[in-house]
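Below, each chain spelled out in residue letters.
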Amino acid sequence: MDGPVNSRGGSTTSVDVDDLDLSKLLDKPKLKIERKRSFDERSFSELPINVRQLESYDSLYSPGYRSSGIGTPLSTRGEAFDPHPMVGEAWEALRRSLVYFKGMPVGTIAAYDHASEEVLNYDQVFVRDFVPSALAFLMNGEPEIVKHFLLKTLHLQGWEKRVDRFKLGEGVMPASFKVLHHPTRKTETLIADFGESAIGRVAPVDSGFWWIILLRAYTKHTGDISLAETPECQKGMRLILSLCLSEGFDTFPTLLCADGCSMIDRRMGIYGYPIEIQALFFMSLRCALILLKHDAEGKEFIERIVKRLHALSYHMRSYFWLDFQQLNDIYRYKTEEYSHTATNKFNVIPDSIPDWVFDFMPCRGGYFIGNVSPARMDFRWFALGNFVAILSSLATPEQSTAIMDLIEERWEELIGEVPLKITYPAIESHEWRIVTGCDPKNTRWSYHNGGSWPVLLWLLTAACIKTGRPQIARKAIELAESRLQKDSWPEYYDGTLGRYVGKQARKFQTWSIAGYLVSKMMLEDPSHLGMISLEEDKAMKPLIKRSASWNCSKPKEDM
Ligand code: GLC
């Protein structure tokens, strides 16, 4: 379809919400710079699609929205791509995982693994796990399930949640929920977990962020702005934002988190300011900026978001970024520097740099490290945070290119035989004991500790398309295709190269299935990228010199 359509297929008169930029929101004159496409035409011409199709990908509505017949994966109808035999089976498996509430599909269960003796909570609908399912359904022209999911989880957000005698913040979104059937009473009820039943009792910080990101993906793809504009959705967003924009003792714009509060939901030494949460925080702030109404309540949040985005992007781009030069600078850091002229602001002791990173760092490439806090830099690579940094344009175009360069340079380490590593490298021996608390699931090169997670394929693919390097995604997808179906879609793989099906990996893990489908559909029709990617905001300040960041005066005009 050419023009904007709403969910019923009619025209809408909505504004191009994605065109809002920071300067506009602060009533500053907007620079007249032509929008630059973030991926280059040259690389795109490698794709067997009509490039013209892409021209409008950055407008509010993705052009690919079609309403499909249920059960018929549109992606297998592509003319340019021969559907891989796995695609059909993947769709069947994805549909098997659907969860219904009062006759309506409201989500997908984490794993449909009948062979597994231990169900644990894999029979629940996880918010983060549902994201690739939702994208697959949207891309296939089935937005209703996504809408139901967004509304159901919004309803759950309103519940009073307690851990022992402590009441959690109002805005917290559940990590997961489940539909309970009462066969005698013939009723259905929902139960949700906000961290009070989760292993370690940690509330998910990522759920609320994913919810906002998904609401924007839904709005962008269907053109149905009416859902996001309902008072309920607006309030839901404000509640999430209140939780993460509140003022406290922080000296950093990043968000302080407990271990286990995101995809890595067990103790893995990610407490502090983990990259995964910072990147999702940034992306959801940008999505909220697009979706919030400019009414009295909305405006107040918009102003706070704009300020936070400036500070957050500066902080992340300066202090979390590591490349060869930066590593060398840190290696030569002086310590115990006092006052605002300090170069080594967080007093990182060069001796704390692990040996592996010196060999791992290529001359070409770079990445956002895992964590930065006083006297502590976690140099590990975390895939999700880096890909979301690319998609949200938290990474500058140069940084995005460098991240993709790193993937190419360190293919064996980061992609391996079955894509792709959640973190690199694994922690072992004494360090494993201290950091994980002797976690038997997170032994070296397993699960969260250097395991390989097929779900991450969709994020890699999206990042590849955005940076104009689809050939990288194609290579990774080929590797996945040689194993996933044969191994019954495991949750994760173990080993330095990811060759072994994970020790305790579930089979028919829904997000492994959905992640594969999303990757295939995005490569087939890159205009889908628009729903999960944001262009660089021209109003965001470019990287400035480190020493210039300290300022005790009032924020300058151009903030
Ligand atoms: C594991 C993963 C978590 C996921 C859950 C359900 O606990 O670490 O990210 O949401 O399984 O698949």
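Note that the coordinates shown come from a computational prediction; the quantities given were computed from them, not determined experimentally. Every residue gets a number counted from 1 within its own chain, in the order that chain's sequence is written. It should be noted that, the model being predicted, local features are given only for residues of pLDDT at least 70 and side-chain atom pairs only at 80 or more, the latter also being counted only at that level, while totals for whole chains, interfaces and linings use all residues. With hydrogens and water set aside, each side-chain value is computed from the structure's full complement of heavy atoms.

S.K.: Got a minute to help me understand helix α5 (residues 144–157) in this structure?
M.R.: One full turn of an α-helix is made of 3.6 residues, so residues set three or four places apart face in the same direction. Numbering of helices and strands starts at the N terminus; helices are DSSP runs of H or I of at least 4 residues and strands are runs of E of at least 2. An expected span of 1.5 Å times one less than the residue number is assigned to each helix. The first and last C-alpha atoms of α5 sit 20 Å apart over 14 residues, in line with the 20 Å expected at 1.5 Å per residue. When you tally the buried positions in α5, you get ten out of 14 residues, the bulk of the element. Whether a residue is buried, partly exposed or exposed follows from its accessible area with a 1.4 Å probe, protein chains only, as a fraction of its type maximum: under 20%, in between, or over 50%, in that order. Taken residue by residue, α5 has Ile145, Val146, His148, Phe149, Leu150, Lys152, Thr153, Leu154, Leu156 and Gln157 as its buried positions.

S.K.: Hey, could you run me through the pairing of strand β7 (residues 187–193) in this one?
M.R.: Successive side chains on a regular strand alternate, one facing one side of the sheet and the next facing the other. Judged from the seven bridges that link them, strand β6 (residues 176–182) and β7 form a sheet pairing that is antiparallel. Bridge assignment links His182 to a residue of β7, and that residue is Thr187. Two strands are counted as paired when DSSP detects at least two bridges linking them. Where β6 folds back onto β7 in an antiparallel hairpin, the turn is made up of four residues, including Lys186, whose phi is positive at roughly 55 degrees.

S.K.: Before we go on, may I ask you to explain the sheet that holds β7 in this structure?
M.R.: Through backbone hydrogen bonds, the strands of a sheet pair up, either in parallel or in antiparallel fashion. Reading across from one edge, β3-β6-β7 is the order of the three strands in this open sheet, with antiparallel pairing throughout. If you trace the sheet from one side to the other, it starts and ends with β3 (125–126) and β7, each paired once. Bridge count between β3 and β6: two bridges; the pairing is antiparallel. Opposite Val125, over in β6, you have Phe177 as the bridge partner.

S.K.: For this particular structure, what's the right way to read helix α18 (residues 470–481)?
M.R.: Between its first and last C-alpha, α18 extends 16 Å over twelve residues, near the 16 Å set by a 1.5 Å rise per residue. Buried within α18 we find Pro470, Ile472, Ala473, Ala476, Ile477, Ala480 and Glu481.

S.K.: Help me understand the pairing of strand β1 (residues 98–101) in this model?
M.R.: As paired strands, β1 and strand β2 (residues 104–108) are joined by four bridges and run antiparallel to one another. Its bridge partner lying in β2, Val99 is registered against Gly107. A loop of two residues connects β1 with β2, the two strands running antiparallel in sequence, and Lys102 in this loop sits at a positive phi of about 50 degrees.

S.K.: In this structure, what is going on with the site of the ligand? I would like to understand it.
M.R.: We call a residue near a molecule or strand when any one of its heavy atoms sits within 4 Å of it. If you check the shell around the ligand, you find 13 residues, and the closest are Arg128, Asp129, Met263, Asp265 and His448. N or O atoms within 3.5 Å of each other form a polar contact, as long as, within protein, one can give a hydrogen and the other can take it, and as long as residues adjacent in sequence are counted only when both atoms are side-chain atoms. Within the side chain of Tyr447, an N or O atom sits 3.3 Å from an oxygen atom of the ligand. When isolated, the ligand has an accessible area of 310 Å², and the protein chains bury 96% of it. Here the term charged refers only to Asp, Glu, Lys and Arg, the term nonpolar to Ala, Val, Leu, Ile, Met, Phe, Trp, Tyr, Cys and Pro, and the term polar to all other amino acids, Gly among them. Grouping the amino acids of the shell around the ligand by side-chain chemistry returns seven nonpolar, two polar and four charged. Per-residue and other accessible areas were derived by the Shrake-Rupley procedure at a 1.4 Å probe size, with only the shown protein chains allowed to occlude residues.

S.K.: Looking at this structure, I do not really get the side chain of Thr108. What am I missing?
M.R.: By secondary structure assignment, the location of Thr108 is in strand β2. At 2.9 Å, the side chain of Thr108 forms a polar contact with the side chain of Ser133. With near-sequence residues (within four places) excluded, Thr108 lies in contact with Leu94, Ser97, Leu98, Val99, Gln124, Val125, Phe126, Phe130, Ser133, Phe137 and Thr510. Here, residues are in contact when the closest pair of their heavy atoms is within 4.5 Å.

S.K.: I'm lost on the nonpolar core in this one. Help?
M.R.: Side chains of nonpolar character tend, in soluble globular proteins, to be buried together. Counting 168 residues, the largest nonpolar core has Trp211, Tyr367, Trp381, Leu456, Trp458 and Leu460 as its most contacted members. A total of 13 residues in this core trace back to one element, the largest contributor, which is helix α9 (residues 275–291). Here Trp458 is in contact with Val131, Pro132, Leu135, Trp210, Gly515, Val518, Ser519, Met522 and Ile532, once residues within four sequence places are set aside. Within this scheme, the nonpolar core is defined by two criteria: the residues are buried Ala, Val, Leu, Ile, Met, Phe, Trp, Tyr or Cys, and they are joined through side-chain atoms within 4.5 Å.

S.K.: Is there a simple way to think about the pattern of salt bridges in this case?
M.R.: Here the idea is simple: oppositely charged side chains can pair when their charged atoms come close. Just to be clear on terms, a salt bridge is a Lys or Arg side-chain nitrogen sitting within 4 Å of an Asp or Glu carboxyl oxygen. Within this structure, the stated rule accounts for 18 salt bridges. Between Arg364 and Glu408 there is a salt bridge, with the nearest N and O atoms lying 3.3 Å from each other. Here Glu408 lies in helix α14 (residues 397–409) and Arg364 lies in the loop between α12 (355–360) and β9 (366–368), a separation of 44 residues in the sequence. Connected via shared salt-bridge partners are Arg364, Asp405, Glu408, Glu409 and Arg469.

S.K.: Just checking my understanding: could you explain the packing of helix α4 (residues 127–139) against α5 for this structure?
M.R.: Packed helices, taken two at a time, are described by the angle between their axes plus the distance between the axes. Orientation of α4 relative to α5, taken along the N-to-C sense of each, is 150 degrees, at an axis distance of 9 Å. Regarding the angle of α4 to α5, the classification is roughly antiparallel. Residue-level contacts link Val127, Phe130, Ala134, Phe137 and Leu138 of α4 to Ile145, Val146, Phe149 and Thr153 of α5. Class assignment for the residues of the contact of α4 with α5 results in eight nonpolar, one polar and no charged. An axis is simply a line fitted to the C-alpha atoms; with a helix, the fit covers only the stretch in contact. Between two such axes, the angle follows the N-to-C directions and lies from 0 to 180 degrees. Should an angle fall under 35 degrees it is taken as roughly parallel, and over 145 as roughly antiparallel, whereas 65 to 115 is taken as roughly perpendicular and any remaining angle as oblique.

S.K.: What is the right way to read the packing of aromatic side chains from this model?
M.R.: One pair of aromatic rings is described through two measures. These are the centre distance and the angle between the planes. Only centres within 6.5 Å qualify two rings of Phe, Tyr or Trp (six-membered ring in Trp) as a pair; their planes then separate them into stacked at under 30 degrees, edge-to-face at over 60, and tilted for everything else. Counted by the stated rule, this structure contains 22 aromatic pairs. Where Trp356 meets Tyr424, the ring centres are 6.0 Å apart and the plane angle is 85 degrees; that geometry is what we call edge-to-face. With a gap of 68 residues between them, Trp356 in helix α12 and Tyr424 in strand β13 (residues 423–424) connect regions that are remote in the sequence. You can call Tyr424 buried: its relative accessible area is 15%.

S.K.: Which parts of the structure should I look at to understand the confidence of the model for the protein?
M.R.: Parts of the model with low pLDDT should not have their predicted coordinates read in detail. As a per-residue measure, pLDDT reflects the predictor's confidence and takes values from 0 up to 100. Across the protein, pLDDT averages 85, with 80% of residues at or above 70. For residues 1–72, every residue scores under 50 in pLDDT, and the model assigns this stretch 152 contacts once sequence neighbours within four places are set aside.

S.K.: What's the story with the environment of Ala288 in this structure? I'm lost.
M.R.: In this fold, Ala288 is placed in helix α9. Judged by its relative accessible area of 0%, Ala288 is buried.

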